[in-house]
Amino acid sequence: MSTAAAGYRTERAISIQEEFKALTVYDKIKETFKKVDCIRFIPHRQKSPAYCQCGLLRDHHVPECVDGDPDDVWDPDDGNYTRHSPTDAFGELEFQGVWTSTRAKYIRVAHDTPESDILHLLTDIWNLPLPKLIIEVTGGAKDFVLQPKLRRVFRKGIVKVAESTDAWILTGGTNTGVMKHVGKALREHTLRSKHKIHAIGVVSWGIVVGNSELQEREKKQHARVRHYRMTSSMESNRACLDPNHTHFILVDNGTTEKFGVEIALRSRLEKLVSMRKMDPTASYHIPAVCLVLEGGLNTIRVVLENITKDPAIPVVIADGSGRGADLIAYAYSKSDREGIIPPEHEKQLREKIADTFPKDAIRYDSLYDDLSEAMKQKNLITIYRVEEEVDIDYAILNALMKASNLSQPDQLKLSLMWNRVDLAKEKIFNRKLFLDDRSLEEAMVVALVRNRVEFVKLLLETGFNMKEFVTDRRLEHLYNSIQNMGESEPCPSLAVLYQQADVILPKNDNGCHTFMKKNIDQVIQYLLGKGFTFSDSSNSEEGRDICSKCCSCFSCLKTKEIDESSSGGFGESDKYPFNDLFLWAILTKKFAIARLMWQRGRGTLAKALVGGRLCYRMANVAKKKYNTDAVDRLMEETKWYNNLAVELLSQCFQEDATYTCELLCAQLKNWSEQTCLSLAASYNHSRFIAHPSIQFLLNDQWYGAFSKISTLKELDDFLFPTDKSREYATDSCSHSVTNKNGTGNINFDRSFSMESDTGKSSSLRRRTSVISLGSLGSGIGTQHRRLAFVTSEAEDLSEKSFFEKSRLLLVAPIVKFWISTIFYFLFLMMFSFVVLVDLQGDIMMIEWAVTCTIFTLATEELRQLMMMGEHGRTTLWQKMKMWASDKWNIWDLIGVLLYIPGFVLRLCSVAGIVPAEEPYARILFSLDVMVWYIRLLDVCSVNNVIGPYVNMIGRMIRDLAYFMVILLVFVVSYGVARQAIISPRSKWKWSILGEIFFLPYWQVYGELFPDDNFPSEENKVYDPSLLGYSIVTMIMVIFLMISNVLLLNLLIAKFNNTFNRVHDNASEIWKFERYRLIMEYSQKPFLPPPFTIVIHIILLIRKMLNCCRAHVEAPVGLGEYPMQRLYNFEEECTENYLRQQALKEQYSVNNRVQRISERVDSYGHILEEQHQPIINNRDFLKKLSERVDSIDKSLQHIVEHLKTGGSSDHKIEHEQSTS
């Protein structure tokens, strides 16, 4: 109850806070914004005396209204005629019509409201972000017809420019004229995109149809949603609001049915917003532009005011839209460079004015003066023609660039803010204008932070120096950029990743989180895991301190002095800038930037593997936060990077198999000294490991010196070479080896060691190099878990001695595997003998042999633990986690721990401490021998048939564990109820637990125990035949139905699903497990247990000697020049891969369908344009026919009238003559 009460109190507190917030906003709006009412009735001189000059009837005025002098002129700015009172119309509109309902915010304000209050309303109360551009759309207020092509270009362009620049579109807000065209464009955009465009309609309150429905009738402070139904008004001086706008500012000056009331307020608002800076660090303000379509006399006046005000607003005229826009375009074309209209064109312009506005002859002179004045600011006017190849959005932004007179850096920043890379190319880079390094670096920062991928590409293509750009301080700035921008970071955020990695997130002086480079390193180490370290991290320093005080020789693996050039990731940001930015982009969820950074720089194959791992671990973190959308997005990126790694590896293998093998095994200094192969293995990338190129490597590693030996004769030639066999070995160097690539073979003509272009290469010497850096026979010095495929020099095995060749044969992993397997079977036989015979008496020799074997197995596990990691740069805890990631190591640990207490009890029984008859030692030995027999499954996994089944067993055991938890619930519930009914008078004893658990459990398998369902004599308190037996039988039936029918079938279905999943990927899974097995036996000493103890003693002595030395041998790897050649090869393969992907995308089905769709649309528009004149002609003929019919009717009426008039005149004359 306390929890429920606390929850209720919390919900109540939240609701009270929301109500208080809404109340505060309500009072603030009421206090700030006013409406205007007419308080003095002045009869209208022209319309009707019943109407006031404000446009309202006498009855529609406020009660305080008084009659005024009929000779007065009503003035809305005069306080004697109007009054201001708190606004009564604000909230949210819901448009209802044919389309789905849309909502928009609205408010009624006085015409003299300060523009700062309006801006405060938009940004702080309605939470609109400040725009990066203001687009004022003006023109015809009444409906007009646009050319089909111009209509299409306008709708597409206005949406594109508003979407790319996050602009505010200011219009008249009604569903007529140019505003209607804007609304339809926004409607089409809303149906196909989630990006919201802010369209603000500034409307005169008095001309809105149904404005009385928007007023507040009851003082409800929360329910402020008004339903607005659009109707076709028969009144020509009123209009409906457009349903596609997002905000409405209804300007009131007390008048009704008067247009233009809002113009002054809209102009002041535009000026105020344009005075604001687009960015706190920017030196320029928010630009504004005016777009003109059609329009009348007032439109021309608005254009003149825009280009002559301070600051001036550039204007874009859509030529061909009609009336005022065409007239301005005509004057523009006839004026000279200074904007003066020559006398020979003055007459033509005046005739054009007369043809455009035939009913306004009295204003021709003032209109001509306005056009002449506007042409003097010709540089602020841009004429857009449909025939031009550029889109109207480009024309709008180009007009702003032309009128702004900004410097090149500011133009680049402005293009970045607008996300218009085409504008930057045209205005800056194609003209080869000079930009200093600081401007380019600032532009790169903005492009990275705002996820402007195309701009990053453009800067890189122009030769941007990324090495000098990426520094430690710059990286920290990039990591802190998201919270500085105030944007919400997608899940999982960096703060969440810090929390998961147990890294303390520091704060600056302002209390904001600060992401430091060293902490980011620790987060990446946590995400990549399994021994991935940064050499400059705190872990390495801690390892060095421990090493100086440690007495254990195995801990001295951390004493190695790592050269600064081997730092990973952020170790030297100027050396691997693209890797650092790649990690930054993934951690900040800028996946498009990450894909671009993957293409650049070195190590694309390793970056693909690391990218997949990072996204996978981040998806797991998001799963803990129950953010399914983030999980799906991250898993999509994981799948993309995993596929990318496999496809790129296939591309490299097709290009050159030899270089691919070296690329897989080369140590990567910038990735924790690991190799691509070790990265893929540690990240469980089974598809990558199953690739033919890696299997080719594994075959060489598995067979060792037996790679070229298939018959006894070849073995004899290998051990005892003759002159003929040496000659044959030399000739075979130029031969090729069959392979599954595109050419059908692998050619080894290239120098495999790559120390020089003319170095010798042969398959025999190559395989010798594999053996020469294998496990080194005794396993001494083997501390790098990597395939020793790459060497610095090729050796000729024919020159080796017999003992050296014999050693090379013995250290082959396949030989070590079979030797270990044979001795393991002997160990099992001995252990089975121990547990089967009587253990009384002294310890037998066979028991000592078993004990020594298990002890040696334990020391081998300890050796594997201490040799984990790359070059001793991992901590002991990391080594333990890496060691425990192999489940067979845990199984070995269980076997050792079970044997130790059993052997101790055996010693105690021999010493007489424990009676010899006690079976405890035998019981522990019996359980332990089961563990070691099950360990045979690991040996069987080397087979390609049994291996997948072993994997199936492991996965099904995990499924069974979850099933047992569910089954336990029903077993306990049934067992407790059954025991309580059958034995109501039982005293507590531990055997009751057995009756609760075991009897129901055995009933699942068919042992029903019907006799046990009756209570015993001492527990009989009621007639069992009537109550107890019936109840127990009933719940047993329910229990058996659920457990036997439902749960067991559910378990079978789960097993079937697991079987199908593993069976579909059986080959891939087996190859991955085979890699683990080969690597394990490559690291093992060639002597089997218990003789391995000799190797361990030698290894211990060597490590103790190395611990006492001041210098430790540096890790073996390729030189700088061979690595450079490998990187060049990888870059070439990456370029070829990207080229092939581009071609596939170009000729993909989706792109073909899209191109066909675009063609069909273009043909449809062409047909529409061609059909438009026919429709116009039909309309013209129809009107002409109507006029002819009207004339014909008039003529008939005249003829009838004349006939009637003629007969009347004749009758009058006849009467006169008769008289």
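Here the structure is a predicted model, which means the values were calculated and not measured. (Residues numbered from 1 in each chain as written. Predicted model: local features only at pLDDT ≥ 70, side-chain atom pairs only at ≥ 80, totals over all residues. Heavy atoms only, no water.)

Some words on the overall build of the protein chain
Along the backbone of the protein chain there are 45 helices and 16 strands. Put simply, the protein chain has 1219 residues, and 48% of those count as buried. Counting only contacts in the protein chain whose residues sit at least 6 apart along the sequence, the fraction spanning at least 24 positions is 74%. Accessible area of the protein chain: about 62200 Å², with a carbon and sulfur share of 56%. (Helix = DSSP H or I, 4+ residues; strand = E, 2+ residues; numbered from the N terminus. Buried < 20%, exposed > 50% of the residue type's maximum accessible area, 1.4 Å probe, protein only. Contact = heavy atoms within 4.5 Å. Areas by Shrake-Rupley, 256 points an atom, 1.4 Å probe, with all protein chains shown as cover.)

A few points about empty space enclosed by the protein
Considering all chains together, one arrives at 6 cavities of 30 Å³ or more under this definition. Size it by volume and the largest cavity reaches roughly 380 Å³. In terms of lining, the largest cavity is formed by 24 residues, of which the most central are Tyr824, Leu857, Tyr1081, Lys1084 and Pro1089. Listing elements by their share of the lining of the largest cavity, those giving two or more residues are α33 (813-836), α34 (845-866), α38 (936-940) and α42 (1066-1083). At 6 residues, the largest contribution of residues to the lining of the largest cavity is made by α33. Counted by class, the lining of the largest cavity contains 11 nonpolar, 5 polar and 8 charged residues. (1 Å grid on protein atoms, 1.4 Å probe; cavity = no way out; pocket = protein on both sides within 12 Å on 5 of 7 lines; lining within 4 Å. Points joined across faces, edges and corners; volume = space filled by probe spheres on them. Nonpolar A, V, L, I, M, F, W, Y, C, P; charged D, E, K, R; others polar.)

Observations regarding helix α35 (residues 876-884)
Of all the residues in α35, the buried ones are Gln878, Lys879, Met882 and Trp883. All buried residues of α35 lie within an arc of 135 degrees about the axis, which places them on one face of the element. (Arc of directions from axis to C-beta.)

Topic: the packing of helix α24 (residues 628-655) against helix α44 (residues 1120-1146)
At their nearest, the axes of α24 and α44 sit 9 Å apart, and the two run at 115 degrees to each other. The angle between the axes of α24 and α44 places the two elements in the roughly perpendicular class. By crossing handedness, the relation of α24 to α44 is classed as right-handed. In this structure, α24 uses Leu644, Glu647, Leu648, Gln651, Cys652 and Glu655 to contact α44, whose residues at the interface are Phe1129, Glu1132, Cys1133, Thr1134, Asn1136, Tyr1137, Gln1140 and Gln1141. For the contact of α24 with α44, a count of residues per class yields 6 nonpolar, 5 polar and 3 charged. (Axes fitted to C-alpha atoms, helices over the stretch in contact; angles between N-to-C directions. Parallel < 35°, antiparallel > 145°, perpendicular 65-115°, else oblique. Left-handed = near helix turned anticlockwise from the far one by under 90°.)

A short note on the confidence of the model for the protein chain
Averaged over every residue, the pLDDT of the protein chain is 78; residues scoring 70 or more account for 78%. Per-element confidence in the protein chain is highest for strand β11 (residues 247-252), whose mean pLDDT is 94, and lowest for helix α31 (residues 763-772), whose mean pLDDT is 34. Under a pLDDT of 50 for its full length, residues 12-17 has, in the predicted model, 0 contacts with residues more than four places off or in other chains. Taken as a whole, residues 730-795 scores under 50 in pLDDT and shows 156 contacts with residues more than four places along the chain or in a different chain. (pLDDT = per-residue confidence, 0-100.)

Topic: the side chain of Glu847
As for its placement among the helices and strands, Glu847 is situated in helix α34. For Glu847, a relative accessible area of 2% puts it in the buried group. Here the side chain of Glu847 touches Arg906 through a polar contact of 3.0 Å, side chain to side chain. Residues within four places of Glu847 in sequence aside, it is in contact with Val834, Leu839, Asp842, Tyr899 and Arg906. (Polar contact = N/O pair within 3.5 Å; in protein donor to acceptor, adjacent residues only side chain to side chain.)

Looking at a nonpolar patch on the surface
Taken together, Leu968, Trp988, Trp990, Leu993, Phe997, Phe998, Trp1002 and Tyr1005 make up a surface patch of nonpolar side chains, about 960 Å² in accessible area. Per-element accounting of the nonpolar patch gives the leading share, 4 residues, to helix α40 (residues 991-1004). Residue placement: Trp1002 occurs in helix α40. Assessed through its relative accessible area of 44%, Trp1002 is described here as partly exposed. (Patch = residues over 30% accessible without salt bridge, like charges linked within 9 Å, V, L, I, M, F, W, Y side chains within 5 Å. Salt bridge = Lys/Arg side-chain N within 4 Å of Asp/Glu carboxyl O.)

Some points on a positive patch on the surface
On the surface, Lys467, Lys575, Arg602 and Lys669 cluster together into a patch of positive charge. For Lys575, a relative accessible area of 35% puts it in the partly exposed group. (Lys, Arg positive; Asp, Glu negative; His and termini not counted. Charge placed at Lys NZ, Arg CZ, Asp CG, Glu CD.)

Focus: the nonpolar core
Within the largest apolar cluster, 131 residues are counted, with the highest numbers of intra-cluster contacts made by Leu448, Phe688 and Phe831. For this core, the leading source of residues is helix α23 (residues 604-624), giving 11 residues. Tyr26, Val251, Leu265 and Tyr364 belong to the second-largest nonpolar core, a separate cluster that totals 97 residues. (Core = buried A, V, L, I, M, F, W, Y, C linked by side-chain atoms within 4.5 Å.)

Quick look at the pattern of salt bridges
According to the stated counting rule, one finds 38 salt bridges in the structure shown. Between Glu115 and Arg268 there is a salt bridge, with its nearest N and O atoms 3.1 Å apart. Residue Glu115 is located in helix α2 (residues 115-125), and its partner Arg268 is located in helix α5 (residues 263-274); the two are separated by 153 residues in the primary sequence. Of the charged contacts in the structure, one is a salt bridge between Glu136 and Arg266, with a shortest N-O distance of 3.7 Å.

Things to note about the environment of Thr255
Inspection of the secondary structure puts Thr255 in the loop between β11 and α5. The class for Thr255 is buried, based on a relative accessible area of 6%. For Thr255 and Trp74, which are 181 residues apart along the polypeptide, the C-alpha to C-alpha distance reads 10.0 Å. Those residues within four positions of Thr255 in sequence are excluded, and the remaining contacts are Cys54, Trp74, Gly206 and Val261. A distance of 2.5 Å separates a polar atom in the side chain of Thr255 from a polar atom in the side chain of Asn253.

Topic: helix α22 (residues 591-599)
Looking at α22, one finds that the buried residues are Phe591, Ile593, Ala594, Leu596, Met597 and Trp598. Residues of α22 that are buried make contact with α13 (437-449), α14 (453-461), α21 (577-587), α23, α24 and α44. Remark: Gly601 follows α22 within two positions and exhibits a positive phi of approximately 80 degrees.

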